[in-house]
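Chain by chain, the residues:
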Amino acid sequence: MLVSKLPNVGTTIFTRMSQLALETGAINLSQGFPDFDGPQALREAVARHVMEGRNQYSPMTGLPSLRQQVAAKIARSYGVQRDADSEITITPGATEAIFCAVQALIRPGDEAIVLDPCYDSYEPSVELAGGRCVHVPLALPDFAVDWQRLSDAISPRTRLIFLNSPHNPSGALLTRADLDKLAELIRGRDIHVISDEVYEHLIYDGQRHASVLAHEELYQRAFVVSSFGKTYHVTGWKTGYVVAPPALTAELRKIHQYVNFCGVTPLQFALADFMAAHPEHVEELPAFYQAKRDLFCDLLAGSRFTFTRAPGTYFQLADYSAIRPDLDDVAMAEWLTREHGVAAIPVSVFYQSAPEDMRLVRFCFAKREETLRQAAEKLSAV
Ligand code: PMP
Ligand code: GLN
């Protein structure tokens, strides 16, 4: 009999809630993905490259022209030069980049610190490498880092700390001061960082993203991960990248070449074309998504949900204490889906152990105006 290496893992909440939305015909604000398409020029470029025969393996490290476009975007966004050849690797999704970075860093018996609530792929990646996750809760209500608790959680076995900003599910942002504190905390210790920045361009109210890419000291021990899926509205393309200093990149590539070898070729050609022709796409994203966030929040203002507008990502948390305090959030998400026709994600599933009295669900607002209006109407009637 096969003994599971991941005995505690089932089907993810994202798959379950999207499935329930499909079965019940509910509006799906659960799993994070847009219900609109990526830019037409980008989609046309894929079709063109497929038809023109760019359908064989790309280089293991990623298409050079796409790596150069990523380097140019990093320079424009953060004012730093990262080398396209030795520091940037294209991966089939941010998830694969995270997995490979973890395999490069973690040995049996090592510890990785995750800040709860955290994205679901981190812990299984650590466990498959023989490591163990130490969970440190973010401080409520703002999901800020509790520096004392983080500091207390560091042990001689700690090899890795995960960061995620803008943060899924809360939308919270790390500041430059947070990065300085972390750098100070791990200075002189054998600890690396995986900085999950897949929502780097989804940031609102005039705030700026504090990227580890622009923090020289932290960057020297970091893998910084991003996703074209989020930035170009094409989550199903599962194409991302990871940026790390040359020595770390070399180790990551040893693993990436055997996990997947390379990303999908025509998608990489199309992304490189589109990024070269439309550098403004990235600059327009904050206003584009902020308008959706504000529309959704304005429409929910008269509802019984309470919330603070998300500073980043395309997720809005909402507290339902005034509606069904008797239901835990998993039951609430199901009830909303079945009885009120709007699917959401419970927040407790992002925790090892969530606060008992937490009554939060997550809505994805990466949706057409019409979808947001219909969903808000249903939610306002709850
Ligand atoms: N990290 C976070 C925080 C995410 O929300 C996602 C999106 N599912 C990913 C990583 C994975 O991105 P990708 O789809 O490119 O693998
Ligand atoms: N990142 C997406 C979310 O948080 C889900 C991606 C997935 O289904 N694995 O909703």
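Above this text you will find the structure in question.
Report on the accompanying structure. Throughout this document, residue positions are counted from 1 along each chain, in the order its sequence is written. Here every chain gets a letter starting at A, and every ligand a number starting at 1, in the order they are written. This being a predicted model, a pLDDT of at least 70 is required before a residue's local features are given, and a value of 80 or more before pairs of side-chain atoms are given or counted; all residues contribute to the totals for chains, interfaces and linings. Side-chain numbers come from the whole structure's heavy atoms, not from hydrogens or water.

1. Comments concerning the site of ligand 1
Argument step 1. The immediate surroundings of ligand 1 are formed by Gly93, Ala94, Thr95, Tyr119, Asn164, Asn168, Asp196, Val198, Tyr199, Ser227, Lys230 and Lys238.
Argument step 2. The contact in question runs from an oxygen atom of ligand 1 to an N or O atom on the side chain of Thr95, over 2.6 Å.
Argument step 3. Throughout this description, a polar contact denotes any pair of N or O atoms lying within 3.5 Å of each other; where both atoms belong to protein, one of them has to be capable of donating a hydrogen while the other can accept it, and for residues adjacent in sequence the pair is counted only when both atoms sit in side chains. At 2.6 Å, a side-chain N or O of Lys238 approaches an oxygen atom of ligand 1.
Argument step 4. Out of a free accessible area of 400 Å², ligand 1 has 92% covered by protein chains.
Argument step 5. Within the shell around ligand 1, the residues separate by chemical class into four nonpolar, five polar and three charged. We call a residue near a molecule or strand whenever a single non-hydrogen atom of that residue lies within 4 Å of it. For the area figures, the Shrake-Rupley method with a 1.4 Å probe applies, and any residue is considered shielded solely by the protein chains shown. Each residue receives one of three labels: charged for Asp, Glu, Lys and Arg, nonpolar for Ala, Val, Leu, Ile, Met, Phe, Trp, Tyr, Cys and Pro, and polar for the others, Gly being one of them.

2. Things to note about the nonpolar core
Argument step 1. Definition used in this section: a nonpolar core is a set of buried Ala, Val, Leu, Ile, Met, Phe, Trp, Tyr and Cys residues joined via side-chain atoms within 4.5 Å. The cut-offs for exposure are 20% and 50% of the maximum accessible area for each residue type, with area from a 1.4 Å probe on protein chains only; residues under the lower value are buried, those over the upper are exposed, and the others partly exposed. Ranked by size, the top nonpolar core spans 60 residues in total, and within it Leu150, Ile161, Leu163, Leu182, Phe228 and Tyr232 carry the most contacts.
Argument step 2. Strands here mean DSSP runs of E at least two residues long; helices mean DSSP runs of H or I at least four residues long; both are numbered from the N terminus. The biggest single contributor to this core is helix α11 (residues 265–277), with six residues.
Argument step 3. Once residues lying within four places of it in the same chain are set aside, the contact partners of Leu163 are Leu115, Tyr122, Leu174, Leu179, Leu182, Val193, Ile194, Ser195, Asp196 and Val212.
Argument step 4. Counting residues in hydrophobic clusters, the runner-up holds 57 residues, among them Phe162, Tyr320, Ile323 and Ala376. By the convention used here, residues are in contact when the closest approach between their heavy atoms is within 4.5 Å.

3. Focus: the packing of aromatic side chains
Argument step 1. Here a pair means two rings of Phe, Tyr or Trp (six-membered ring of Trp) with centres within 6.5 Å. Their orientation is stacked below 30 degrees between planes, edge-to-face above 60, and tilted elsewhere. Summed over the entire model, instances satisfying the criterion amount to 18 aromatic pairs.
Argument step 2. Aromatic pair Tyr57 and Phe261: ring centres 6.0 Å apart, planes at 75°, arrangement edge-to-face. With Tyr57 in the loop between α2 (40–51) and α3 (64–78) and Phe261 in the loop between α10 (246–259) and α11, the pair connects residues that are 204 residues apart, well separated along the chain.
Argument step 3. The class for Tyr57 is exposed, based on a relative accessible area of 72%.
Argument step 4. Relative to Tyr122, the ring of Tyr119 has its centre 6.0 Å away and its plane inclined at 65°; by these criteria the two rings are edge-to-face.
Argument step 5. For a Lys NZ or an Arg CZ to count as sitting over a ring, it must be within 6 Å of the ring centre and within 35 degrees of the ring normal. Its guanidinium or amino end placed over the ring of Phe269, Arg54 lies 5.4 Å from that ring's centre, counting from NZ or CZ.
Argument step 6. Over the aromatic face of Tyr219 sits the side chain of Arg82, whose NZ or CZ is 3.8 Å from the ring centroid.

4. Things to note about the state of the cysteines
Argument step 1. A pair of cysteine sulfur atoms is labelled a disulfide when the two atoms are within 2.5 Å. Counted by the stated rule, this structure contains zero disulfides.
Argument step 2. No disulfide involves Cys262; its nearest neighbouring cysteine sulfur is the one of Cys100, lying 13 Å away.
Argument step 3. Its relative accessible area of 8% is what places Cys262 among the buried residues.

5. Notes on the sheet that holds strand β12 (residues 360–364)
Argument step 1. For two strands to be treated as a pair, DSSP must find no fewer than two bridges joining them. Spatially, three strands are ordered β9-β12-β11 in an open sheet, and the strand pairing comes out antiparallel. Across the chains shown, the open sheet's two edge strands, defined by having one partner strand only, are β9 (315–319) and β11 (345–346).
Argument step 2. Examined bridge by bridge, β11 and β12 share two bridges and lie antiparallel to one another. Within the sheet, the bridge partner assigned to Ile345 lies in β12 and is Arg362.
Argument step 3. Axis angles are defined between N-to-C directions and span 0 to 180 degrees, where every axis is a line fitted to C-alpha atoms and, for a helix, only to the segment in contact. Along the sheet face, helix α13 (residues 329–340) touches β11 and β12 and points at about 45° away from the line of β12.

6. What about α11?
Argument step 1. Here, expected helix span is obtained from the residue count minus one, scaled by 1.5 Å. Here α11 spans 19 Å end to end across 13 residues, near enough to the 18 Å set by a 1.5 Å rise per residue.
Argument step 2. Every buried residue of α11 is listed here: Thr265, Pro266, Leu267, Gln268, Ala270, Leu271, Ala272, Phe274 and Met275.
Argument step 3. Where α11 is buried, its residues meet α2, α3, β2 (88–91), α9 (228–231) and α12 (280–300).

7. Examining the side chain of Lys73
Argument step 1. With respect to the element layout, Lys73 can be found in helix α3.
Argument step 2. We classify Lys73 as buried; its relative accessible area is 2%.
Argument step 3. Excluding anything up to four places from it in sequence, Lys73 contacts Glu200, His201, Tyr232, Tyr241, Met275 and Val282.

8. Overview of the packing of helix α1 (residues 13–24) against α13
Argument step 1. At a minimum axis distance of 9 Å, the contact between α1 and α13 shows a crossing angle of 20°. In terms of their interaxial angle, α1 and α13 are classed as roughly parallel. With respect to the hand of their crossing, α1 and α13 are arranged in right-handed fashion. Contact residues: Met17, Leu20, Ala21 and Thr24 in α1; Ala333, Glu334, Thr337 and Arg338 in α13. To sort the angles, those under 35 degrees are grouped as roughly parallel, those over 145 as roughly antiparallel, those from 65 to 115 as roughly perpendicular, and the leftovers as oblique. Working rule for handedness: look at the near helix, and if it is turned counterclockwise from the far one by less than a right angle, call the crossing left-handed; if clockwise, right-handed.

9. Here's the deal with unusual backbone geometry
Argument step 1. Of note, the bond from Leu140 into Pro141 is cis; its omega dihedral lies within 30 degrees of zero at 5°.
Argument step 2. Mapping Pro141 onto the fold places it in the loop between β4 (132–137) and α6 (147–153).
Argument step 3. Cis rather than trans, the peptide bond between Ser165 and Pro166 has omega equal to -15°.
Argument step 4. You can see Pro166 is positioned in the loop between β5 (158–164) and α7 (176–186).
Argument step 5. In this model, His233 sits at a positive phi of 60°, which is unusual for a non-glycine residue.
Argument step 6. Along the chain, His233 turns up in the loop between α9 and β8 (240–243).
Argument step 7. For His233, a relative accessible area of 9% puts it in the buried group.
Argument step 8. Of note, Thr313 is a non-glycine position whose phi angle comes to about 65°, a positive value.
Argument step 9. Looking at where Thr313 falls in the secondary structure, it is placed in the loop between α12 and β9.
Argument step 10. For Thr313, a relative accessible area of 0% puts it in the buried group.

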